[in-house]
Amino acid sequence: MSKQSDLFKVQDVSRENLIPEVTDLMNSGARLMYASGVDRGVFGFQLDYHFCFDDEAKSRYLLLRALVKRNEPTIPSLTPITTQADWAEREIIEFLGVKVEDHPDPRHLWLPLNWDDTHAKPDLEQNPESKRINTDSPKKPPSDHIFIQPLSVVPYGPYHPALIESNFLKMSVEDETVIDADLKLGFNHRSIIKLMERRDYYKDIYLSERICGFCNVHHTLTFVMAVENILGIEIPQKANYIRTLLGELERMKSHLLAIGLLGELTGFKTMLMHSLRLREEILDSLEVISGQRISHGAMTLGGVKIDITPVHADFIRSRLKSLKASVSEFFEQYLANDILIDRLKNVGHLSPADARTYGAVGPLVRGSGHPFDVRKQFPYAAYEDVSWEVITENGADSLARLKVRMREFMVSLDICEQCCDILRSVPSSSPIVSTMSELPCGEGVAKTEPPRGELLYHVASNGTNTPEFVRLRVPTFPNAPILLRLIKGGNIADVPVVIGSIDPCFSCTDRATVVQANKEIIIQKSSKTNESGERIKRGGK
Amino acid sequence: MSLSKIFMKKSPWVYHAHAGGCNGCDLEILACSGPRYDIERLGIKLVASPRFADILLVTGPVPLHTKPFLERVYAQTPDPKRVVAMGACGCSGGVLVDDENYSIAGPVERIIPVTVRIPGCPPKPEAIFEGILKAMRSF
């Protein structure tokens, strides 16, 4: 892990120099991963711009830090230079109150739709007895800030348990073509990073595990890696292999589900059932290791909590062996289906140049032909010690992204087998947790590659038992604006395919889906009937 | 009450209302509908609208944002109805309970009446079955 911390560099930048500096960086091939803001009290607001350089072999990492005054919280917007800053700046505007000048679209993205009506009351803050925020029902029915155009507006939502994260996608449609689309997030906003600043590091591991049910191993792993970077400690090699194994098992189950769901979204529920059947094998392995199917509580600072004995390794190995045969058969069936392939081909085309410009991550960017993978570029855990290849496809459409997931599944399976073999041969007495020293003041950054793309954690310690701040950027955060771009101009029937091929995770981002949209239709209908019902009553009187 | 008697009453149709959970519970509900557990063999069906559901299966700690939507969903479900709160977050707020948490309106029982709670983070599919059976016994 010290390897990652060597690449970390902070550079201060003044408000005036921000635009020229960032322009230079972008011209030299940098990617703006995230922009985060921290309230530093009397010092003002600290704005961190995280850059990485994908073209360099071991991708460099740079953090530009600007401090703005409390009484004059303004910063020029980077969105005109690069769209990668768009959502990150909206987040800063929304949660910190920093005025980002010239941002083209400074609307609420996360806070409740009726936030200004119900919660921005001045008397609420003055009343010391109200410990919690006013949770009464809003006086006005919730409205959204999403555009209204003189076209038919479709709130979109095919119901599916796995896409159930509540997000609200609204599209304006002309004939069958999507003219515009917008997304309202915040239905899952649980203020987890705020809670992390209030709890100690060991409790934060459990909080980070509850950010997302799909990639909880990677969330905990990235958090503990960021804290370990502050400490500068070495992790026992056995723990690194266990981390790699757990991460890859998670990637396998997530990819398998994404592949199945894409089949379901194109009308082949059989594929989903096959993938659920195969997924149980992986869940069995995880349950044998940790006692839990979904959340494992496996990571701890300085190593892992769960030891993998030779018996565990043999069990996983046997499951992987049967999985290898059945999954290749499943993939063969999947790709032999002409109708399904035609539904995916040339749908949601993201050209390689666009993938760079918009800052795509994960299978989305690898499906457009770029070999960007944090596991190779910014190695962590034991990825340098096992042999594997980055998967890329050149199709740049939904089919290419599907194929990336399928091939990555086989690569992950191979990595898991290598890890199992090594863990079998390691003596059982070898340590899995390294001893901890006192945590110094400092900052740590860690990046990993969850199934959906790059995950970034930025943790700062102030010497106490709670972090000074925690900021995280999840893979869906850069990918969701691209999702909107891919939907625009396409056929409305292709929307589920595009969503499924990107496989967004909005519990992380706090996500953009789909079921809420279903509810919205119903709500609109019911509010109409309510109104007419009242009218009838009045007429009766 | 034996299983056959429970399901002679009615095939329960379940609407899964996601109220800000982490997807862990939602994945386990999905696993319930998969071939190994196959919830439909008991006549339990996951439906796409609360309008024809008998049981609401609510996951998550109910963020402020989702609260009005959850209330509407409850109002739209026809009587008689039962609410099953699922997961540690749905039962009690779980790890997210905190005086300073500005964005949580839950747990579920603060918003809509809850009949059955399924603890666990996330509960196993067997526990979800048991929770739905308990809700059916209460009809």
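Attention in this report is confined to the structure presented alongside it. (Residues numbered from 1 in each chain as written. Chains lettered and ligands numbered in written order. Predicted model: local features only at pLDDT ≥ 70, side-chain atom pairs only at ≥ 80, totals over all residues.)

## So, the environment of Val114(B)
Residue and element names in this part refer to chain B.
Then, in step 1: You can see valine 114 is positioned in the loop between helix 4 (87–92) and strand 5 (116–118).
Then, in step 2: Judged by the 19 C-beta atoms lying within 10 Å of it, valine 114 falls in the partly exposed class.
Then, in step 3: For the pair valine 114 and arginine 82, spaced 32 residues apart in the sequence, the C-alpha separation amounts to 7.1 Å.
Then, in step 4: Excluding anything up to four places from it in sequence, valine 114 contacts Val83, Ala85, Val108 and Glu109. (Helix = DSSP H or I, 4+ residues; strand = E, 2+ residues; numbered from the N terminus. Buried ≥ 20, exposed ≤ 12 C-beta atoms within 10 Å, placed from the backbone. Contact = placed C-beta atoms within 7 Å.)

## Quick look at the nonpolar core
Then, in step 1: Core analysis: the largest hydrophobic core is formed by 188 residues, its most contacted members being Leu56(B), Leu57(B), Val58(B) and Val84(B).
Then, in step 2: Looking at which element gives the most residues to this core, the answer is helix 9 (residues 237–265) of chain A, with 14 residues.
Then, in step 3: When we break this core down by domain, the ones giving at least three residues each are domain 1 (1–109) and domain 2 (192–478) of chain A.
Then, in step 4: If we skip the residues at most four places from it in the chain, Leu56(B) touches Tyr15(B), Ala17(B), Pro50(B), Val73(B), Tyr74(B), Thr77(B), Lys81(B), Val83(B) and Val84(B). (Core = buried A, V, L, I, M, F, W, Y, C linked by C-beta atoms within 7 Å. Domains from an automatic or database assignment.)

## Notes on helix 17 (residues 476–487) of chain A
All names here are of chain A.
Then, in step 1: With twelve residues, helix 17 should reach 16 Å at 1.5 Å per residue; the first-to-last C-alpha distance of 16 Å fits that figure.
Then, in step 2: Most of helix 17 sits out of view: nine of its twelve residues are buried.
Then, in step 3: Buried within helix 17 we find Thr476, Phe477, Pro478, Asn479, Ala480, Ile482, Leu483, Leu486 and Ile487.
Then, in step 4: Immediately beyond the C-terminal end of helix 17, within one or two residues, lies glycine 489, with a positive phi of roughly 85 degrees. (Expected span 1.5 Å × (residues − 1).)

## Here's the deal with unusual backbone geometry
Then, in step 1: Here the amide bond leading from Asp79(B) into Pro80(B) is cis, since omega sits at -10 degrees, within 30 degrees of zero.
Then, in step 2: Within the secondary structure layout, Pro80(B) lies in the loop between helix 3 (67–76) and strand 4 (82–86).
Then, in step 3: Note the cis peptide between Cys121(B) and Pro122(B), where omega equals -10 degrees.
Then, in step 4: Topologically, Pro122(B) is positioned in the loop between strand 5 and helix 5 (125–137).
Then, in step 5: Of note, Asp102(A) is a non-glycine position whose phi angle comes to about 65 degrees, a positive value.
Then, in step 6: Summarising the element assignment, Asp102(A) is placed in the loop between strand 6 (99–101) and helix 4 (115–118).
Then, in step 7: In the Ramachandran plot, Val62(B) falls in the positive-phi region, its phi being about 60 degrees despite a non-glycine side chain.
Then, in step 8: If you trace the backbone, Val62(B) turns up in the loop between strand 3 (55–59) and helix 3.

## What to know about the pairing of strand 4 of chain B
All names here are of chain B.
Then, in step 1: Across the five residues of strand 4, five count as buried, placing the element largely inside the fold.
Then, in step 2: Side-chain alternation along strand 4 places Arg82, Val84 and Met86 on one buried face and Val83 and Ala85 on a second face that is also buried.
Then, in step 3: Bridge count for strand 3 against strand 4 is five bridges, and the pairing is parallel. Paired with valine 58 across the strands is alanine 85, a residue of strand 4.
Then, in step 4: With helix 3 bridging strand 3 and the parallel strand 4, this β-α-β connection has right-handed handedness. (Pairing = 2+ DSSP bridges. Right-handed = clockwise from strand over helix to strand, strands pointing away.)

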